Amino acid sequence: MSRLPMRFLFAILLPVAAACGGASGAEAAPAQADTRVYECPMQCIKPGEATPYSHVGPGDCPVCGMHLTPRAEQPTPPAH
């Protein structure tokens, strides 16, 4: 069995792996945390609570398992 094909594959895949997020000279800027309020699109209510489930940041509903969606922005009433 020849080692040439394995060495060839390694030589091709190593640069590709490095370009796809491996160690590189440039560091990526850290992502900011998502501080929006997310809620269940099915408006699930956890047992013992009175309001639909909501959570800061993305996630899944602990009741139905659906992905949470960002809460729609509520218009603020004008100041008098």
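Residues numbered from 1 in each chain as written. Predicted model: local features only at pLDDT ≥ 70, side-chain atom pairs only at ≥ 80, totals over all residues. Heavy atoms only, no water.

Asker: Which parts of the structure should I look at to understand the pattern of salt bridges?
Answerer: Pairs can form between side chains of opposite charge once their charged atoms are near each other. The final tally for this structure, using the stated rule, is 2 salt bridges. Across the pair Asp 34 and Arg 36 runs a salt bridge, and its minimum N-O distance is 3.0 Å. Its relative accessible area of 45% is what places Arg 36 among the partly exposed residues. Put simply, Arg 71 and Glu 39 hold a salt bridge, and the shortest N to O gap is 3.2 Å. Here Glu 39 lies in strand E1 (residues 37-39) and Arg 71 lies in the segment after strand E3 (69-70), a separation of 32 residues in the sequence. Classification of Glu 39 by relative accessible area gives buried; the value is 18%. (Salt bridge = Lys/Arg side-chain N within 4 Å of Asp/Glu carboxyl O. Buried < 20%, exposed > 50% of the residue type's maximum accessible area, 1.4 Å probe, protein only. Helix = DSSP H or I, 4+ residues; strand = E, 2+ residues; numbered from the N terminus.)

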